[in-house]
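# Notes for the structure review
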Amino acid sequence: MPLALRFILPLLIVLAAFAYAVMPVVDKLTMRWFVRDLDVRATLIATTVQVPLEDELATRSAVRINDFLNRISRDERLFAVGYCPAPASRAVASRYFPAEIHCSDLSLWEGENGQLLDTPSGPLHVSVKPLITADAPDGRLVLVHDMSFFARRSEETRRYIFYFFIGLALSVSLITVIVAQFAWRGWVQGMRSLLQGAGHSRHNPVPPAKVVPEFKPIARDLQRLIRDLQSEYRARDESQLTWTPDTLRAILHSELRGENIIVVSNREPYIHERRGDAIEVQRPASGLVTALEPIMRACSGTWIAQGSGSADRAVVDGRDHVPVPPERPAYEIRRIWLSQEEEQGYYYGFANEGLWPLCHIAHVRPVFRSSDWNYYQEVNRRFAEAVVAESTTKDPIVLVQDYHFALLPRMIREALPEATIIAFWHIPWPNPEDFAICPWREEILTGMLGSSILGFHTQFHCNNFVDTVDRFLEARVDRESFTVTLGGKATAVRRYPISIAWPPDPAMVAVPVPRCREEIRRREGLPMETAIGFGVDRLDYTKGILERLRAIERLLELKPEWIGRFCFIQVAAPSRSSIDEYQHHEAEVRAQAAQINERFGGGGVPPIVLRIEHHEPEDVYRYYRAAELCFVSSLHDGMNLVAKEFIAARDDEQGVLILSQFTGAARELPEALIVNPYDIDQCAAALHLALTMPADEQRDRMRLMRGLVSEFNVYRWAGRMLLDAAIMRRRGRLLDKDGEQTAPATLPT
Ligand code: F6P
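Residues numbered from 1 in each chain as written. Predicted model: local features only at pLDDT ≥ 70, side-chain atom pairs only at ≥ 80, totals over all residues. Heavy atoms only, no water.

## Some words on helix H15 (residues 545–558)
Which entries qualify depends on this criterion: Per the convention used, a helix needs a DSSP run of H or I reaching at least four residues, while a strand needs a run of E reaching at least two, with both numbered from the N terminus. Multiplying 1.5 Å by the helix residue count minus one yields the expected span of that helix. Here's how the labels work: a residue is buried when its accessible area is under 20% of the maximum for its type, exposed when over 50%, partly exposed in between, all with a 1.4 Å probe on protein chains only. Contacts are residue-level and defined by heavy atoms, with any inter-residue pair within 4.5 Å sufficient.
Relative to the 20 Å expected for 14 residues at 1.5 Å per residue, H15 spans 20 Å between its end C-alpha atoms, a close match to the ideal helical length. Burial of H15 is extensive: ten of the 14 residues sit out of reach of the surface. The complete set of buried residues in H15 reads Ile545, Leu546, Glu547, Arg548, Leu549, Ala551, Ile552, Glu553, Leu555 and Leu556. As for H15, its buried residues are in contact with strand E18 (531–538), strand E19 (566–573), helix H16 (580–600), strand E20 (608–612), strand E21 (629–632) and helix H19 (680–692).

## Side note on the domain arrangement of the protein chain
Note the threshold: Segmentation into domains, and thus their bounds, comes from an automatic or database assignment. The buried area of a pairing is the accessible area, by a 1.4 Å probe, that goes missing from both parts when the two are put together, added over both.
Annotation of the protein chain at the domain level lists domain 1 (2–153), domain 2 (261–495) and domain 3 (508–711). Distance from the C-alpha centre of domain 2 to the C-alpha centre of domain 3: 30 Å. At the interface, 27 residues of domain 2 touch 22 residues of domain 3. Together, the buried faces of domain 2 and domain 3 total about 2,000 Å²; carbon and sulfur atoms form 62% of this surface.

## What to know about a nonpolar patch on the surface
Short version of the rule: The patches reported here contain residues having more than 30% relative accessible area and no salt bridge. Joining distances are 9 Å for like charges and 5 Å for nonpolar side chains (Val, Leu, Ile, Met, Phe, Trp, Tyr). Per-residue and other accessible areas follow the Shrake-Rupley method at a 1.4 Å probe size, with only the shown protein chains counted as cover for residues. Here, a salt bridge means any Lys or Arg side-chain nitrogen found within 4 Å of an Asp or Glu carboxyl oxygen.
Taken together, the side chains of Phe162, Tyr163, Ile166 and Leu170 make up a nonpolar region of the molecular surface, amounting to roughly 390 Å² of accessible area. As for its placement among the helices and strands, isoleucine 166 is situated in helix H3 (residues 148–199).

## Notes on unusual backbone geometry
Of note, the amide linkage connecting valine 324 to proline 325 takes the cis form, showing an omega dihedral of -10°. Inspection of the secondary structure assignment puts proline 325 in the loop between strand E10 (321–324) and strand E11 (331–336). For the bond from tryptophan 502 to proline 503, the omega torsion is 0°, close enough to zero to count as cis. Within the fold, proline 503 resides in the loop between strand E17 (489–495) and helix H14 (513–524). Within the chain, arginine 60 stands out as a residue other than glycine whose phi angle is a positive 55°.

## Observations regarding the nonpolar core
Note the following rule: Think of a nonpolar core as a cluster: buried Ala, Val, Leu, Ile, Met, Phe, Trp, Tyr and Cys residues, connected wherever their side-chain atoms sit within 4.5 Å.
Membership of the largest hydrophobic core comes to 83 residues, with the highest contact counts inside it found for Trp303, Phe534, Tyr624, Leu657, Leu659, Leu669 and Trp717. Here this core takes ten residues from helix H21 (residues 714–737), the largest share from any one element. Every residue in contact with phenylalanine 534, bar those within four places of it in the chain, is listed here: Phe568, Ile569, Val571, Val620, Tyr623, Tyr624, Ala627, Leu629, Cys630 and Phe631. Tyr348, Ala423, Trp429 and Leu449 belong to the second-largest nonpolar core, a separate cluster that totals 64 residues.

## What about the pattern of salt bridges?
Going through the model one piece at a time under the given rule, you end up with 44 salt bridges. Across the pair aspartate 39 and lysine 129 runs a salt bridge whose closest N-O atoms are separated by 3.3 Å. Here the residue aspartate 39 occupies a position in helix H1 (residues 3–59), and lysine 129 occupies one in strand E4 (residues 122–130), the gap between them amounting to 90 residues. Of the two residues, aspartate 39 and lysine 129, both sit in the buried class. Of the charged contacts, one joins arginine 599 and glutamate 557 as a salt bridge, the two residues approaching to 2.7 Å between their closest N and O atoms. With arginine 599 in helix H16 and glutamate 557 in helix H15, this residue pair connects regions lying 42 residues apart in the sequence. The exposure class assigned to arginine 599 is partly exposed, which follows from its relative accessible area of 44%. Given the relative accessible area of 31%, glutamate 557 is considered partly exposed. In this structure, a network of salt bridges that share partners links the residues Glu553, Arg554, Glu557, Arg599 and Asp681.

The following block contains the structure:
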């Protein structure tokens, strides 16, 4: 049925029913008016005929009186007239005077407006009016009107009313259809334009038509829904993306445009050091810095970190800010100054003598002191205040880095309830039994659960964390969505394997591999044919440097043909040197290297070259490119970016990576030679295998590893977290709008 008919038909039916109901009312009303008019007319006639009738009555001639009355009743509507001189007499009447009316019972017909009389010839109206003469003081004139013309009129009125309603129905329908047509067109146009508006973006520069004001609330909801769908689609489709700085920038632009992004870490990405009269800028040996620096360049936020360089204070402005990178500023560092006591208690003490050995299975006992814990809380609070001061909105995105700031997420959450806090734990998370050692385990867990998203490198560490919460806190743990809810606020626990920039900075791989090989051998005083192994780490007991040296010694024991032909260069950046454990470790490493060199270095080629000093990344890359193999033997490591840097450095697709099974990286890089660093014989065998591996096999393995690192690069690491943050913010806003603030804004798993 056409749309118009679907509307008109019901309208017609409604109006017809209405007309049907209205007609009896109209009938009743017109009847009342009509009767009243007839009675008035009767009074008028009675008054008019009074005198002539008196004259006729005076003649006492029945013929004349009848004749007179017949004449009066010739009037179109007057049916009959009668005269009663007295109640006991017989009426003198015109023709057709109804037999039902008698002079004796005239009182029956004397109503206020007369009475109705139904006769076989039709309805009549009877009025009785006094007509008093000298001879007949009780005389009455009876006027009988014909009512059939009322029936005719009533019929006519009904017809008119019926036609009127039909006409009305048709006109209303017509007008409605026309208006509806226009409105529909406008609505469709409005919808179209608002949908265009929703799709209007950088990629779709067509400006949307004007949205009708009434549609604006719908438009907003629709646009939000479409954006949600787009971004979820993008998130799902993200495995198809090639992650580059541009992709990251585009995501920041489209998903988090104008959002206030703040990074917090202990280590700063650029350290200003005084060298004589000059100020030098150093980049610390930190995987965290390596990963976050390209992101900050892409999003131009603020990075809050401890000011640790000797010239750091000299270069900041009045608000302790310094723009970096120095050669081409893209973002700002906000430096926090710590007293010696604060640094000792918070950084060396609680973070590095307590949490660091607690989280790494390296068989070094954690030390927990109450005084360190107090400083740790105090410094976390100072950083929280800095975050609040640096926030330009009430809901910034704050990226909290590492074990130095376990309490910070909750502190920020309390000051900025609407902030999106992404905390990333760069080191392993132990199992609940190991974590139980910490005297402030509940406080640490509660602090971390102030985050919106809590990231670890591996699913294994996520599982350990969730198990730990389950064991020690009264929190709701949802293992399906991997969400922990504490105090009504949910934290999504997610795996984001960190990585390095890809493609690597061209400056790092600018010097061709053969030149790097030559240069490094010359620099180290080694014959050109010497096979080189390379290791680079912070000088930390978790890195398994001693185990590495033992494996080299074992290689030379088992395969003496490598004596004088193989040299292992170990670069070790001094780290946390004021901690006893680190000092002992350094002493042990030095002693072990010396002992091996003494034992096997007679032929002029030292088996070990130990460089305990800071090296700039460009220099480290030359070693990577010059070496036959790179050995990463961490006893326990969240990820280990050295492994990925070595792969990035080898654009010649040569070189072998020996990788500890206890690193996060080992889960992503099975093409490396995976070893147990505690198994010295196995490591020695892996060294020999690497040194004798055919070029083809090296290429095959390296290709696969380069493929993985190029795809799972640091832009993806950051992009995934930021995308998740964006989804969470949008969901949170929708829930807020619907008044469901208590519901957690969850993420797709
Ligand atoms: O591995 C954990 C970590 O925080 C890294 O993210 C970083 O590279 C390293 O420790 C830096 O240590 P520090 O800042 O104590 O020298």
